[in-house]
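Fold and geometry: a report
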Amino acid sequence: MTTLDRVAKPKTKRSKRFLQSREPKLTENVKNAMIIKGGNTSETVTNALKDIYSLKKPNAVLYKKKNTARPFEDQTSLEFFSKKSDCSLFLFGSHNKKRPNNFVFGRMFDYHVLDMIELGIEKFVSLKEIKSASCPEGTKPLLVFAGDAFDTIGEYARLRSILIDFFRGPTVSAIRLAGLEHILHFTALDGKIYMRSYRVLLKKSGCRTPRIELEEMGPSFDFILRRTHLASDDLYKTAHKQPKALKPKNKKNVSHNVFGTKFGRLHMQKQNLDKLQTRKMKGLRKRGGDVMQGEDAVSPKKSRDE
Amino acid sequence: MAPSSSIEEVLAKAERDEAEKLQSIRVEKELELEFDVGNLLALDKNAPDLRDFRAQKKEDFLRSLARDNAQLLINEIWKVPTDRLDGVVVAKLPDPVTRLPREKPVPKPKPPTKWEEFAKLKGIQKRKKTNLVWDDVHKEWRRRWGYKRAKDDTKDWVIEVPETSDPNEDQFAKRIQAKKERVAKNELNRLRNIARAHKLQLPGAGLAPTGQPSRSELAKAEQVAKLSTASVGRFQERLPKEKAPKNTGKRRKFQPNIGDFSTEKQKQLDLLKIMDGKKPRLDVTKAVNKQMREEDMENASRQRKGAGKKGRKGHFTGKGKGKGAGAAAGGKNRKPRKGLGKR
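Residues numbered from 1 in each chain as written. Chains lettered and ligands numbered in written order. Predicted model: local features only at pLDDT ≥ 70, side-chain atom pairs only at ≥ 80, totals over all residues. Heavy atoms only, no water.

**Notes on unusual backbone geometry**
One can expect most non-glycine residues to show negative phi and most peptide bonds to be in trans. Residue and element names in this part refer to chain A. Despite not being glycine, D86 shows a phi value in the positive range, around 55°. Structurally, D86 is set in the loop between α3 (76–85) and β3 (89–94). Residue classification places D86 among the buried positions, given a relative accessible area of 10%. (Helix = DSSP H or I, 4+ residues; strand = E, 2+ residues; numbered from the N terminus. Buried < 20%, exposed > 50% of the residue type's maximum accessible area, 1.4 Å probe, protein only.)

Here is the structure:
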C-alpha cells in the first residue's frame with residue numbers, strides 16, 4: 001500500500017513514520033522471521049524453536065503461546081501474523097502422531113505464502129546441551145551447503161534458497177574479519193539434511209589467511225524432507241523482480257580493456273566552415289545581399305571581387 | 001661451489017616452508033565450490049562419500065566436511081580487499097549474487113493527483129516557502145503554520161463587520177465554519193484522488209445533483225419515477241404529449257391463440273416423430289453423468305480393496321434432493337409484468 005492508497009490518514013507523525021517503515025521500498029529492510037509454536041508441540045520442538053530464535057534473534061519474533069494453525073491447509077492465520085508483525089519469513093513448529101516433531105520453513109511475498117517446506121526433526125541437540133562458548137547475538141553466519149542434491153533436485157534447491165533467506169541476516173557492505181565466528185553447515189546426504197552449527201576458531205597458519213578449526217556449538221538437527229509447497233513459476237518470477245531504479249545503467253560508448261584503460265567513442269559532426277567566424281575587419285564584413293547569392297555559399301571576400 | 005649450493009638449499013628450504021604453510025590452509029576438492037562472498041555463502045556440489053560417512057562416526061565426518069568447506073570459504077573471504085576502520089580490519093564485501101525473492105512488491109510510482117496533473121500541464125512548479133515569516137504585530141519571526149503562527153486569524157479578538165453583511169451575523173462563527181468547509185473540501189478531494197487512482201467511479205457522481213440535467217437524463221428520471229410504484233407503473237397514466245418509453249426490457253411473448261395453423265401443425269408433427277421414432281434420443285449430459293458416476297464407483301471400490309481395512313468406509317452421496325430444479329418458471333404468485341424490473 002502506498003501512501004496515497006490509504007483511505008484512513010495517519011493522525012500523527014509517529015504513526016505515519018511507522019506506516020512508512022512498512023511500505024514496499026526499493027532497497028528492502030532485513031527480512032524478519034516469526035517463529036511460531038503450533039497448537040501441539042513436543043519438548044523437542046519447543047526447545048528447537050527457542051534455539052532457532054536465539055540464532056536469529058534481533059530479526060525475529062517468537063510466538064510462544066499455542067497457535068492452532070495448519071500452514072499446509074489454511075494459510076490465513078500465517079498471513080495475519082505476517083501482516084501483524086511485518087515478518088516475511090516464518091518457522092512453524094508442531095508435533096502430532098502423523099508428523100512428529102515437525103518444522104515448516106517458509107517465506108512470504110506481499111504477505112502471502114510464497115513457498116514453504118516441511119521438515120521432520122529426526123534428531124535434535126540443543127544449544128544448552130553442548131557445553132562450549134556460544135556466539136554473540138546477531139552474528140552473521142557463514143553458510144555452507146554441501147551435497148549435490150542442493151544443486152540438482154528442485155525441492156532441495158528451493159530449500160537451500162529458503163534457508164539462505166532465513167539465516168543470512170542483514171546484507172552488509174563490510175564485515176569485521178575477526179567477527180566471522182559462526183558457521184551453519186547444511187549437508188544433504190543419504191536422504192537426510194544435516195544442519196550443524198559450529199563456532200569458527202581462526203588459528204595462525206603462517207600466512208595471511210588463517211587456518212580454520214571448528215567447535216560444535218549447537219543447535220544441530222537431522223532433518224528429513226516432508227511436504228512442500230512451492231510457488232508457481234510466475235509468482236516466483238514476480239517475487240524476484242528487481243526494481244528498474246536499482247539496476248545499474250550501462251553507459252554507452254565507454255569500454256575498458258584488460259588493463260583497465262577507459263576507451264570512449266566520440267561522434268563528431270562535420271564542421272561547417274562557411275559559418276566560421278574569422279577575424280573581424282571592416283574589409284571582411286558580410287553584406288546581407290551577397291551571402292545568399294549563388295548555389296554554393298561564397299566567402300565575402302570573393303563576392304567582393306566579382 | 002659450496003656457497004652456490006647453500007643458496008639453492010636456502011631457496012629450496014624457503015619454498016618448502018611456504019608449501020608447508022599453505023598446506024595447512026589448502027583443501028582439495030573434486031569440483032570447485034561456488035561462492036557468494038556477499039552473503040558469506042558457499043555451495044559444495046561434490047557428493048559426500050557415503051562409504052566414508054558410514055564408516056566413520058557421523059559427527060566426525062560432518063565436522064571434517066564442514067571444516068574443509070569453511071576453510072575454502074574463509075580463503076575466499078580473505079581474498080577480498082580489506083580496510084582498517086577504528087583499528088579493526090574489515091573486509092569490503094561485494095554485492096550478493098544469489099537472487100532471493102523480495103519481501104514486498106516493487107514500489108509503484110505514486111499516481112499524480114488532479115492538481116499535480118494540472119500543474120504539469122501548465123508548467124507550475126512547486127516553490128519552497130520559508131518556514132519563518134515576519135509578524136508585524138508581535139515584531140518577531142514566527143512560524144508560517146501551526147502553533148504560535150504569524151498572522152493568526154483565530155486569535156483575533158475583534159472582527160470588523162463588512163458593510164454588505166448582516167450586522168447580527170457572528171463573524172467568528174462564520175470564520176470557523178469557512179475553515180471547516182475548506183478542510184472538508186480538501187478531504188473530499190483527497191478521496192477523489194484516491195478513487196481516480198484506482199479507476200473507481202468518482203464519489204459524488206451519483207449523489208451531487210448536476211447543475212442542468214439534460215433532456216435524456218430528465219426522461220430517464222421520469223421513467224424511473226413512473227415505474228417506482230407498487231404495481232410497477234401499470235396504472236400510471238401518460239402525460240399529454242409523452243412518447244412511449246424506449247428500451248424497456250423484454251416481455252414474454254406467447255403464440256397467438258388463433259392464427260398461423262401451419263406452423264402449429266408442423267410443431268405437433270415434429271413432436272410425434274420423436275415420440276414414434278425407434279432410435280432413442282441420447283441425452284448427452286445425462287449419459288456423461290452416468291458414465292462418470294460409474295467410474296467413480298469403480299475407483300472407490302478398487303481403493304477400498306487396496307487399502308484393506310484402513311481408510312474410511314465409502315460414503316457415496318447420491319444425486320441429492322434435486323432442490324430448486326425446475327421450480328422457477330411459471331407459478332401462480334408471479335408479479336405483474338415480470339421482467340420489466342428497472343427498479
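**Some words on empty space enclosed by the protein**
Applying the stated criterion across every chain yields a total of one cavity of 30 Å³ or more. By volume, the largest cavity amounts to about 40 Å³. In terms of lining residues, the largest cavity is bounded by S21, E23, P24, K25, E28 and N29 of chain A together with E103 and K104 of chain B. (1 Å grid on protein atoms, 1.4 Å probe; cavity = no way out; pocket = protein on both sides within 12 Å on 5 of 7 lines; lining within 4 Å. Points joined across faces, edges and corners; volume = space filled by probe spheres on them.)

**Quick word on the pattern of salt bridges**
Residue and element names in this part refer to chain B. Counted by the stated rule, this structure contains 32 salt bridges over all chains. The salt bridge involving D44 is made with K29; its shortest N-O contact spans 2.9 Å. Residue D44 is located in strand β2 (residues 41–44), and its partner K29 is located in the loop between α1 (2–25) and β1 (34–36); the two are separated by 15 residues in the primary sequence. Notably, a salt bridge pairs K79 with E76, separated by 3.4 Å at the nearest N-O pair. (Salt bridge = Lys/Arg side-chain N within 4 Å of Asp/Glu carboxyl O.)

**Some thoughts on the packing of aromatic side chains**
A full pass over the atoms with the stated rule returns 19 aromatic pairs over all chains. Judged by centre distance (5.4 Å) and plane angle (65°), the ring pair of F53 of chain B and F61 of chain B falls under edge-to-face. Put simply, the rings of F103, F105, F124, F145, F150, Y156, F166, F167, F186, F221 and F223 of chain A touch in pairs and so form one group of aromatic residues. The ring of Y236 of chain A carries the charged tip of R158 of chain A above its face, separated from the ring centre by 3.7 Å. (Phe/Tyr/Trp six-rings, centres within 6.5 Å; stacked < 30°, edge-to-face > 60°. Lys NZ or Arg CZ within 6 Å of the ring centre and 35° of its normal.)

**Some thoughts on a positive patch on the surface**
Taken together, the side chains of K9, K13, R14, K16 and R17 of chain A together with K110, K126 and K128 of chain B make up a positively charged region of the molecular surface. Structurally, K110 of chain B can be placed in the loop between β4 (88–92) and α4 (114–122). (Patch = residues over 30% accessible without salt bridge, like charges linked within 9 Å, V, L, I, M, F, W, Y side chains within 5 Å. Areas by Shrake-Rupley, 256 points an atom, 1.4 Å probe, with all protein chains shown as cover. Lys, Arg positive; Asp, Glu negative; His and termini not counted. Charge placed at Lys NZ, Arg CZ, Asp CG, Glu CD.)

**Quick notes on a negative patch on the surface**
A cluster of like negative charges, contributed by E294, E295, D296 and E298 of chain B, occupies part of the molecular surface. Along the chain, E295 of chain B falls in helix α8 (residues 284–307).

**Side note on the interface of chain B and chain A**
Contact with chain B, which involves 60 residues of that partner, is made by 76 residues of chain A. Carbon and sulfur atoms supply 62% of the area that chain B and chain A bury against each other, a total of about 6300 Å² over both sides. When residues of chain B are sorted by the area they lose upon contact with chain A, W78, R102 and E103 of chain B head the list and together hold 14% of the total. At the surface where chain B touches chain A, the tally comes to seven salt bridges. Linking chain B with chain A are 32 residue pairs in polar contact (both at pLDDT 80 or more). Elements represented by at least two residues in the side of chain B that touches chain A include exactly α1, β2, α2 (50–55), α3 (58–79), β4 and α5 (171–197) of chain B. A total of 16 residues in the side of chain B that touches chain A trace back to one element, the largest contributor, which is α3 of chain B. (Contact = heavy atoms within 4.5 Å. Buried area = accessible area lost by both parts, 1.4 Å probe. Polar contact = N/O pair within 3.5 Å; in protein donor to acceptor, adjacent residues only side chain to side chain.)

Read these as spatial facts, not as claims about activity.
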